[in-house]
Amino acid sequence: MDSGSPSSTLVWLRDDLRLDDNPALSEAASLGQPLIVVYVLDEDSPGVRPLGGATKWWLHHSLTDLAAALEAAGSRLLLRRGPATDIIRDLALETGASTVLWNRRYGGPERRVDAGVKDWAAEHGLKAASFQANLMFEPWTVRTGAGGPYKVFTPFWRACLDGSEPRLPLDAPERLPAPSTDAGGRPPAGDALDSWRLLPRRPDWSGGLATTWQPGEAGAWQRLADFLDGPAEDYGTGRDVPGVEGTSRLSPHLRFGEISPFRIWHALRERFPHSAPADVGIFRSELGWREFCWQLLYENPQLATRNYRPEFDRFAWQAPSNAELAAWQQGRTGYPLVDAGMRQLWQTGWMHNRVRMAAASFLVKNLLADWRLGEAWFWDTLVDADAASNPANWQWVAGSGADASPYFRIFNPVTQSRKFDAGARYLREYLPELSGLDDKAIHEPWKAGGLAAGYPEPIVGLPESRARALETYQRLKDG
Ligand code: FAD
């Protein structure tokens, strides 16, 4: 950079791809120095989990949206790829930055990277500062009376609610300082987004994702508005019905930080200012589950690979055959609710929460497969695949996790679909070959002509596989 130029500020964006309520960006704007906004695709730092296919697709579109928003505000998004510590250090030297700012992350490897950058900055006389942006209750601030982390959700959430109200969100800066330039007037050079090859090709399986989602801040705000105008007031019952849009579908937007939880929290407050209906409280507690999952990951950085409850290390999982695993992944198990969910996941990158629980229970209990197999498939196919919520929920279903569902709770996919999709709206949407069956027969197609329509026979019997799971658990308990 030009030696006579003023020093600049570096803002390093990660899972906070937004201008609204972005404390690091707002602080940078207030400093008034030339501003470099950088996103680093880091697949090289030890332990950092590479993105799955669906989240890569999302990231491409989210970065496109973010770049346009930054440009409209007078700034520019710089893209670089490599181990983040090296990239940020080199960029700071190259641009003569005096200050590096970011919003905090809570995963183990990411924290190590961030600490490395902070140490380097301190050694070289740069100011480095981090901000709270993506969790309303940072893990180390919510402690039991004995000073440890909570292991059960309800007291965790009560402790959060007993503390101070989450802070007000910050509005997006209207104008951002332009980037610093070199002697030739050029801003720092970065990668072209297309060169990262985040989008699938040959085959391009992303058509259903593109028609379902609008990655980026505008899409996130639209989802929030639709939710507040629609399902929010009836969330307590609507959230369990997969055939209606009874939930917010904000999860991928939260995953990439396109909207802040503080913004969502206060939008609910504004919409329901006085006595918030119980449904709003239930929705808030779902946001609380997200915070709880992050607290679990913070305390257990290996949540995606290790049983939270170590006694499960002795559990006799059975490796499913390739055919069984493929049947589950492709939605061909012969159980309509599981299959509809797995096809929804493949087509849209998202699955309804109740169906996630039923599909996961089928894999880990009826097929007795290790939960890590399912976690990895969801990691690759979910647009909201989240380093904390995905393993925490898989372990919850498997019984090996914190505050887990008791092992003997084995979701019966037929009972679940009769109860929560009585009119079979969801089943018919994703299993067109069964659409000719009536509302009663469609839940058990093997009994009523569904097989003739090309739908598979059940790959395991429910009573036998349930009994096998319970026996396996009993052996674990007996030691
Ligand atoms: P809403 O019902 O509108 O809830 C609002 C927000 O609360 C969600 O966007 C999400 O951020 C949070 N939330 C809701 N339920 C949970 C929960 N059980 N755990 C943590 N946060 C929650 N959620 C993810 O965000 N990423 C994942 O990778 C993920 N993997 C899962 C795997 C399994 C096996 C199961 C059973 C659940 C998983 N979930 C995951 C949790 C939940 O299914 C989704 O958060 C929810 O379906 C997202 O839809 P929504 O935005 O409409 O949720």
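Residues numbered from 1 in each chain as written. Predicted model: local features only at pLDDT ≥ 70, side-chain atom pairs only at ≥ 80, totals over all residues. Heavy atoms only, no water.

Participant: Just to check I follow, could you spell out the overall build of the protein for this structure?
Facilitator: Summing up its helical and strand segments, the protein has 19 helices and 5 strands in all. Its C-alpha atoms give the protein a radius of gyration of 24 Å, near enough to 23 Å, the size a compact globule of 479 residues would have. Once the C-alpha set of the protein is aligned to its principal axes, its extents read approximately 80 × 50 × 50 Å. Counting every position in the protein, which comprises 479 residues, the buried fraction comes to 56%. Contacts in the protein between residues far apart in sequence, at least 24 positions, make up 80% of those at least 6 positions apart. Split by element, the accessible area of the protein, about 19900 Å² in all, is 51% carbon and sulfur. Side-chain charges of the protein comprise 52 positive and 60 negative groups, with the mean position of each set lying 4 Å from the other. (Helix = DSSP H or I, 4+ residues; strand = E, 2+ residues; numbered from the N terminus. Rg over C-alpha atoms; globule rule 2.2 N^0.38 Å. Buried < 20%, exposed > 50% of the residue type's maximum accessible area, 1.4 Å probe, protein only. Contact = heavy atoms within 4.5 Å. Areas by Shrake-Rupley, 256 points an atom, 1.4 Å probe, with all protein chains shown as cover. Lys, Arg positive; Asp, Glu negative; His and termini not counted. Charge placed at Lys NZ, Arg CZ, Asp CG, Glu CD.)

Participant: Teacher, can you tell me more about the site of the ligand here?
Facilitator: Near the ligand, the surroundings consist of 28 residues, among which Tyr235, Thr247, Ser248, Arg249 and Asn353 are the closest. One nitrogen or oxygen atom from the main chain of Arg249 is found 2.6 Å from an oxygen atom belonging to the ligand. Protein burial of the ligand: of its 810 Å² of free accessible surface, 96% is covered by the chains. Secondary structure elements with two or more residues in the shell around the ligand: α9 (251-255), α11 (278-299), α14 (353-366) and α16 (389-398). For the shell around the ligand, the element with the most residues is α11, which contributes 6 residues. Taken together, the residues of the shell around the ligand break down into 15 nonpolar, 7 polar and 6 charged. Each of two domains, domain 2 (135-167 + 217-299) and domain 3 (310-478), supplies a minimum of three residues to the shell around the ligand. (Near = heavy atom within 4 Å. Polar contact = N/O pair within 3.5 Å; in protein donor to acceptor, adjacent residues only side chain to side chain. Nonpolar A, V, L, I, M, F, W, Y, C, P; charged D, E, K, R; others polar. Domains from an automatic or database assignment.)

Participant: Would you mind going over the sheet that holds strand β2 (residues 35-41) with me for this structure?
Facilitator: Reading across the sheet, the 5 strands line up as β3-β2-β1-β4-β5 and stay open at both edges, with parallel pairing between neighbours. Among the strands making up the open sheet, the edge pair consists of β3 (77-81) and β5 (127-131). With direction set aside, neighbouring strand axes in the sheet form an average angle of 25°. Its contacts with the sheet place helix α2 (residues 53-72) against β1 (8-13), β2 and β3, and it is angled at close to 145° to β3. (Pairing = 2+ DSSP bridges. Axes fitted to C-alpha atoms, helices over the stretch in contact; angles between N-to-C directions.)

Participant: Sorry if this is basic, but what is going on with the packing of aromatic side chains here?
Facilitator: A ring pair, where both rings are aromatic, is described by two values, the distance of the centres and the angle of the planes. A full pass over the atoms with the stated rule returns 34 aromatic pairs. Aromatic side chains Trp328 and Trp394 sit 6.1 Å apart centroid to centroid with 75° between the ring planes, which places their arrangement in the edge-to-face category. Of the two residues, Trp328 sits in helix α12 (residues 322-330) while Trp394 sits in helix α16, which places them 66 residues apart along the sequence. Just as Trp328 is buried, Trp394 falls in that class too. (Phe/Tyr/Trp six-rings, centres within 6.5 Å; stacked < 30°, edge-to-face > 60°.)

Participant: Please clarify how α12 should be interpreted in this entry.
Facilitator: Counting along an α-helix, one turn takes 3.6 residues, and residues three or four places apart therefore face a common direction. All of the buried residues along α12 are Leu325, Ala327, Trp328 and Gln329. For α12, the secondary structure elements touched by its buried residues are α13 (336-348), α14, α15 (371-381) and α16. Once α12 finishes, Gly331 follows within two positions and takes phi at roughly 70°, a positive value.

Participant: Is there a simple way to explain the side chain of Arg343 in this structure?
Facilitator: Considering the arrangement of structural elements, one finds Arg343 in helix α13. At 3.1 Å, the side chain of Arg343 forms a polar contact with the side chain of Glu433.

Participant: What is the right way to look at the confidence of the model for the protein in this model?
Facilitator: When pLDDT drops low, the exact placement of atoms in the prediction is not to be read closely. A residue-level look at the protein finds 99% of positions with pLDDT of 70 or above and a mean pLDDT of 95. This complex was scored by the predictor with a pTM of 0.97 and an ipTM of 1.00. (pLDDT = per-residue confidence, 0-100.)

Participant: Help me understand the UniProt feature "domain: Photolyase/cryptochrome alpha/beta" (unreviewed entry) in the protein in this model?
Facilitator: In the numbering adopted here, UniProt assigns the feature "domain: Photolyase/cryptochrome alpha/beta" (unreviewed entry) to residues 7-136. With 44% helix and 23% strand, the stretch residues 7-136 has end C-alpha atoms that lie 32 Å from each other. (UniProt positions renumbered as here; feature names shortened; annotations may be inferred.)

Participant: Looking at this structure, I do not really get the domain arrangement of the protein. What am I missing?
Facilitator: Where the parts come together, the accessible area they lose is often given as the size of the interface. Each assigned domain of the protein is listed here: domain 1 (1-133), domain 2 (135-167 + 217-299) and domain 3 (310-478). The C-alpha centroid of domain 3 is placed 26 Å from the C-alpha centroid of domain 2. Taking both sides of the interface into account, the surface hidden between domain 2 and domain 3 amounts to around 1800 Å²; carbon and sulfur atoms contribute 61%. Contact with domain 3 buries surface across domain 2, with Asp240, Pro242 and Arg255 losing the most and accounting together for 31% of the total. Taken together, domain 2 and domain 3 are joined by 1 salt bridge. Asp240 is the salt-bridge partner of Arg354, the closest N and O atoms lying 2.8 Å from each other. Of all the secondary-structure elements, those providing two or more residues to the side of domain 2 that touches domain 3 are α5 (153-162), α9 and α11. (Buried area = accessible area lost by both parts, 1.4 Å probe. Salt bridge = Lys/Arg side-chain N within 4 Å of Asp/Glu carboxyl O.)

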